[in-house]
Amino acid sequence: MRITPRTANPHRSFSAILHPIETSKHKITPPQSNMSYTVEERGNPNTLSYRLFFKNAEGNYISPFHDIPMCADEAQNVFNMVVEVPRWTNAKMEIATKDLLNPIKQDVKKGKLRYVANIFPHRGYIWNYGAIPQTWEDPAHKDGDTGCCGDNDPIDVCEIGSKVCSRGEVIKVKALGVLAMIDEGETDWKVIAINVDDPEASEYNNIGDVRRLKPGYLEATVDWFRRYKVPDGKPENCFAFDGEFKDKDFAINVIKSTHNFWKALICEKADAGELNCKNTSVSAGDSSFCCSADEAKAAVGKTSPCGKEDPIPSSVDKWFY
């Protein structure tokens, strides 16, 4: 039986509580609180044209990278997570950090859409996979623990709850631990988290709870990240700390440090390189990163309306050993 990706309903709404941002070089406007988000599909699913754009409660387009706050509840260390890849699916979807408004799109390799391989005994992604907004792993910063610089992306999250989420869903998660993967010489943190609305969330409060209540899951996670690129002809990935998961407090400190790197980026104190830092709610009008609602609407209007999806190649079902 084929498992196909679950795409989010273009009019589905997801709630999150927004978090004010400190000011720096440019005046930064604190976002409104208690906002909800919707997603809008553009282009044809399973093709190079497909994009998933985000809107706020007023119906204005926003960037999931920059406009959705890191924290849903700062006092309780509850973070917002943007779901890029639902569990059990293969399409390597990600926030397009170099595109205006940073929509979710499928990664491309050699002109073809990228799907992660099924490495026995795994099928697609084995968690809901995504990123925490307003974080950035700075490629100019060498991490003191890993000895490697950041991978130039928002920090990744593996959500281990019981629900299979939808692409583009914004959920509230609590961090349980973190894995330090070294991907082609770059630090690529993987936060292990659980949706705070999961029926079993109260039972999970640190990485030891995952090991106790989901035996084998952490080992499977290391195995997945170690080998998932091997079918593409690349070597196995390696890990700092000998593949040991660090605990909740360590994870929270890592997340907050990447938020500080993001703040330096959005305040133009760090080199953005090819990243697109345009946003509609964070930067004030005197910043080159400020994007008006009209400019955002015009940019989305240049993309194709949502059309018929293409079939997923049958090769995606192949198992590798």
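Remember, it's a predicted structure, so these values are computed and weren't measured experimentally. (Residues numbered from 1 in each chain as written. Predicted model: local features only at pLDDT ≥ 70, side-chain atom pairs only at ≥ 80, totals over all residues. Heavy atoms only, no water.)

(A) Quick look at unusual backbone geometry. Residue Pro121 follows Phe120 across a cis peptide bond; omega there is 5 degrees. Relative to the elements of secondary structure, Pro121 occurs in the loop between strand E11 (118–119) and strand E12 (128–131). Unusually for a residue other than glycine, Asn46 sits at a positive phi of about 65 degrees. Note on placement: Asn46 falls in the loop between strand E2 (35–42) and strand E3 (51–55). (Helix = DSSP H or I, 4+ residues; strand = E, 2+ residues; numbered from the N terminus.)

(B) Looking closely at the pairing of E12. The two faces of E12 match: Asn128 and Gly130 on one face and Tyr129 and Ala131 on the other face are all buried. Two elements, strand E6 (residues 78–85) and E12, share three bridges in a ladder whose sense is antiparallel. Bridged to Val82 within E12 is Ala131. Inspection of the sheet shows E12 paired to strand E14 (residues 156–159) by four bridges, in the antiparallel sense. Paired with Tyr129 across the bridge in E14 is Cys158. (Buried < 20%, exposed > 50% of the residue type's maximum accessible area, 1.4 Å probe, protein only. Pairing = 2+ DSSP bridges.)

(C) How the structure looks around the pairing of E3. For E3, a buried count of five out of five residues is recorded, marking the element as mostly surrounded by other parts of the structure. Every second residue of E3 is oriented toward a common face, with Arg51, Phe53 and Lys55 on one face and Leu52 and Phe54 on the other, all of them buried.

(D) Layout of the nonpolar core. Counting residues in each nonpolar core, the largest one holds 54 residues, and the members touching the most others are Phe54, Trp127, Ile160, Trp224, Phe225 and Leu265. With six residues, the top contributor of residues to this core is helix H2 (residues 217–227). Dropping the residues within four chain positions of it, Phe225 is found in contact with Trp127, Tyr129, Cys158, Leu179, Met181, Lys190, Asn237 and Phe239. One finds Met70, Ile132, Val191 and Ala251 within the second-largest nonpolar core, a separate group that totals 22 residues. (Core = buried A, V, L, I, M, F, W, Y, C linked by side-chain atoms within 4.5 Å. Contact = heavy atoms within 4.5 Å.)

(E) Examining a nonpolar patch on the surface more closely. On the surface, Phe120, Trp319 and Tyr321 cluster together to form a nonpolar patch covering roughly 400 Å² of accessible area. Counting through the fold element by element, Trp319 comes out in strand E18 (residues 319–320). (Patch = residues over 30% accessible without salt bridge, like charges linked within 9 Å, V, L, I, M, F, W, Y side chains within 5 Å. Areas by Shrake-Rupley, 256 points an atom, 1.4 Å probe, with all protein chains shown as cover. Salt bridge = Lys/Arg side-chain N within 4 Å of Asp/Glu carboxyl O.)

(F) The arrangement of the side chain of Arg87 in detail. Tracing the chain through its elements places Arg87 in the loop between E6 and strand E7 (93–95). A polar side-chain atom of Arg87 sits 3.2 Å from the main-chain carbonyl oxygen of Ser162. Excluding its chain neighbours within four sequence positions, the residues that come into contact with Arg87 are Tyr125, Ile126, Trp127, Asn128, Gly161, Ser162, Lys163 and Val164. (Polar contact = N/O pair within 3.5 Å; in protein donor to acceptor, adjacent residues only side chain to side chain.)

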